[in-house]
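Below, each chain spelled out in residue letters.
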Amino acid sequence: MSHTLGLRQAQKQKTRQALLEAALELLEGQSLSSLGLREVTRAVGVAPTAFYRHFRSTEDLGVALVEEALGSLHPMVSTIVSTAGDSEERITRAVELIARHVDAYPSHVRFIAREQHGGVRPVREAIRNELARFTEEVKAALVTDPMAEGWSDDDLLMLAGLYVDQMLIAASLFLEALEGPEEERQRVTRLAARRLRLISIGRAHWLD
């Protein structure tokens, strides 16, 4: 009996993941607000009623996609904030990691970039909440830096937010350059590094 239940659970998880992947692929060319559940189930090859065994609505599916997309972003953010070295080395490493993430997960980056200010409120809120969590994690890392001495919690949170915002902006720029000439990718690399460098310069003189 337990073996049968295990197989059923595995199949259910497999179908759920297939629905997520199909939706992500369909969202390459449209927004979530225009996505129909029949499109998704047709792409997977299951009946529309099967959709409701996994998600209450397309909004619910969108929130699950946020968790998956930003879940893939989490290791990158953690690595960036824990990277050792001087400021210039950390900036170079951060930009490299962002570019690699976009190469590995372009659909995730595109989904977040499109839906962050899209028309589906629960998805916007889910993205905002996840980014707030990232900001808190970056702030926790910044607190351990000797440069944080004398900084207020509000200012550290603001600085963390600037870093997170620039990571997302850089990811969107790398996404746009993904299919372009190498010169465009290099331009984005330089621009992303300059923006992070500007934040670092401001950070160094904030308490002056």
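Structure: above.
**Student:** Can you break down the side chain of D145 residue by residue, with the values?
**Tutor:** Inspection of the secondary structure puts D145 in the loop between α7 (121-143) and α8 (153-176). Polar contacts involving the side chain of D145 include one to the main-chain amide nitrogen of M147, which spans 2.8 Å. Excluding residues within four positions of it along the chain, D145 makes contact with R90 and R203.

**Student:** Outline the environment of E130, supporting the account with residue identities and numerical values.
**Tutor:** Among the secondary structure elements, E130 is positioned in helix α7. With residues up to four places along the chain from it excluded, the contact list for E130 reads V66 and L70.

**Student:** For the nonpolar core, give the residues involved together with the corresponding values.
**Tutor:** L65, I98 and F111 are the most contacted members of the largest nonpolar core, which has 60 residues in total. Of all the secondary structure elements, the ones that give two or more residues to this core are α1 (2-26), α2 (37-44), α4 (58-82), α5 (87-104), α6 (106-115), α7, α8 and α9 (182-205). Sorting elements by how many residues they give to this core places α8 first, with 12 residues. Once residues lying within four places of it in the same chain are set aside, the contact partners of I98 are M76, I80, M167, A170, A171 and F174.

**Student:** So what about the packing of α5 against α8? Which residues, and what values?
**Tutor:** Where α5 meets α8, the axes come as close as 9 Å, and the angle between the chain directions of the two elements is 50°. Taken together, the axis directions place α5 and α8 in an arrangement best described as oblique. As for the relative orientation of α5 and α8, their crossing is right-handed in sense. Residues V95, I98, A99 and V102 of α5 touch α8, and the partners they reach there are M167, A170, A171, F174 and L175. Here the residues of the contact of α5 with α8 are counted per class, giving 9 nonpolar, no polar and no charged.

**Student:** Explain α5 residue by residue, including any values.
**Tutor:** Under the 1.5 Å per step criterion, the end-to-end length of α5 is 26 Å for 18 residues, consistent within 8% with the ideal 26 Å. Along α5, the residues classified as buried are I91, A94, V95, L97, I98, A99, H101 and V102.

**Student:** Before we move on, can you summarise the environment of L173 with the specific residues and values?
**Tutor:** Topologically, L173 is positioned in helix α8. Sequence spacing of L173 and T189 is 16 residues, and the spatial spacing of their C-alpha atoms is 9.1 Å. The residues contacting L173, other than those within four sequence positions of it, are V188, L191 and R195.

**Student:** Tell me what's going on with the side chain of T41, and back it up with residues and numbers.
**Tutor:** Its location among the elements puts T41 in helix α2. Once you skip the residues sitting within four places of it in the chain, T41 turns out to touch L19, V46, A47, P48 and F51.

**Student:** Pulling in residues and values, what's your account of the packing of α5 against α9?
**Tutor:** Taken N-terminus to C-terminus, the directions of α5 and α9 make an angle of 135°; their axes are 10 Å apart at the nearest point. Between α5 and α9, the crossing angle belongs to the class labelled oblique. The interaxial crossing formed by α5 with α9 has right-handed handedness. Packed against α5, whose contacting residues are S87, E88, I91, A94, V95, A99 and D103, the element α9 presents R185, T189, A192, A193, L196, R197 and S200 at the interface. Residue composition of the contact of α5 with α9, grouped by class: 7 nonpolar, 3 polar and 4 charged.

**Student:** Please give an account of a nonpolar patch on the surface that cites residues and values.
**Tutor:** Taken together, the side chains of M158, L162, W206 and L207 make up a nonpolar region of the molecular surface, amounting to roughly 380 Å² of accessible area. Considering the arrangement of structural elements, one finds L162 in helix α8.

**Student:** I'd like to hear about the packing of aromatic side chains, residue by residue, with values.
**Tutor:** Counted by the stated rule, this structure contains 3 aromatic pairs. When the ring of F51 is compared with that of Y52, the centres are 5.6 Å apart and the planes differ by 85°; the resulting orientation is edge-to-face. For F51, a relative accessible area of 0% translates into the label buried. Put simply, the rings of F51, Y52 and F55 pair up and form one aromatic cluster.

**Student:** A description of the pattern of salt bridges should follow, citing residues and the corresponding values.
**Tutor:** Under the defined criterion, the tally for this structure stands at 10 salt bridges. A salt bridge links R56 to D60, with the nearest nitrogen and oxygen atoms 3.6 Å apart. Note that R121 is salt-bridged to E125, the shortest N-O span being 2.9 Å. You can see R121 and its partner E125 sitting in helix α7, 4 residues apart, about one turn around the helix. Taking the relative accessible area as the measure of exposure, R121 reaches 55% and is therefore exposed.

Thresholds, definitions, all that
Once a new chain begins, its residue numbering starts again from 1 and follows that chain's sequence as written. With the structure being a predicted model, the display of local features is reserved for residues of pLDDT at least 70 and the display and counting of side-chain atom pairs for 80 or more, all residues being used for whole-chain, interface and lining totals. Excluded from the side-chain calculations are hydrogens and water; all other atoms, namely the structure's heavy atoms, are used. Only DSSP runs of H or I covering at least 4 residues are called helices, and only runs of E covering at least 2 are called strands; the numbering of each starts at the N terminus. Polar contact is the term for a pair of N or O atoms within 3.5 Å; when the atoms are in protein, one must be able to donate a hydrogen and the other to accept it, and sequence-neighboring residues count only if both atoms are side-chain atoms. Contact definition: two residues touch when any of their heavy atoms are within 4.5 Å. Take the buried Ala, Val, Leu, Ile, Met, Phe, Trp, Tyr and Cys residues and link them wherever side-chain atoms come within 4.5 Å; each set so joined is a nonpolar core. Three exposure classes are used, based on accessible area relative to the maximum for each residue type with a 1.4 Å probe and protein chains only: buried under 20%, partly exposed in between, and exposed over 50%. A fitted line through C-alpha atoms serves as each axis, taken over the contacting stretch for helices, and the angle formed by two N-to-C directions is quoted from 0 to 180°. Throughout this description, any angle smaller than 35 degrees is read as roughly parallel, any larger than 145 degrees as roughly antiparallel, any in the 65 to 115 degree range as roughly perpendicular, and the remainder as oblique. Left-handed describes a crossing in which the near helix is turned anticlockwise from the far one by less than a right angle; the clockwise case is right-handed. Throughout this entry, Asp, Glu, Lys and Arg are counted as charged residues, while Ala, Val, Leu, Ile, Met, Phe, Trp, Tyr, Cys and Pro are counted as nonpolar. The remaining residues, Gly among them, count as polar. Helix span is expected to be 1.5 Å times the residue number reduced by one. Residues form patches when they are more than 30% accessible in relative terms and have no salt bridge. Like charges link within 9 Å. Nonpolar side chains (Val, Leu, Ile, Met, Phe, Trp, Tyr) link within 5 Å. In this description, accessible areas are obtained by the Shrake-Rupley approach with a 1.4 Å probe, and a residue is regarded as covered only by the protein chains that are shown. Should a side-chain nitrogen of Lys or Arg be within 4 Å of a carboxyl oxygen of Asp or Glu, the pair is scored as a salt bridge. For Phe, Tyr and Trp, rings pair up if their centres lie within 6.5 Å, where Trp contributes its six-membered ring, and each pair is then called stacked (planes under 30 degrees apart), edge-to-face (over 60) or tilted (otherwise).

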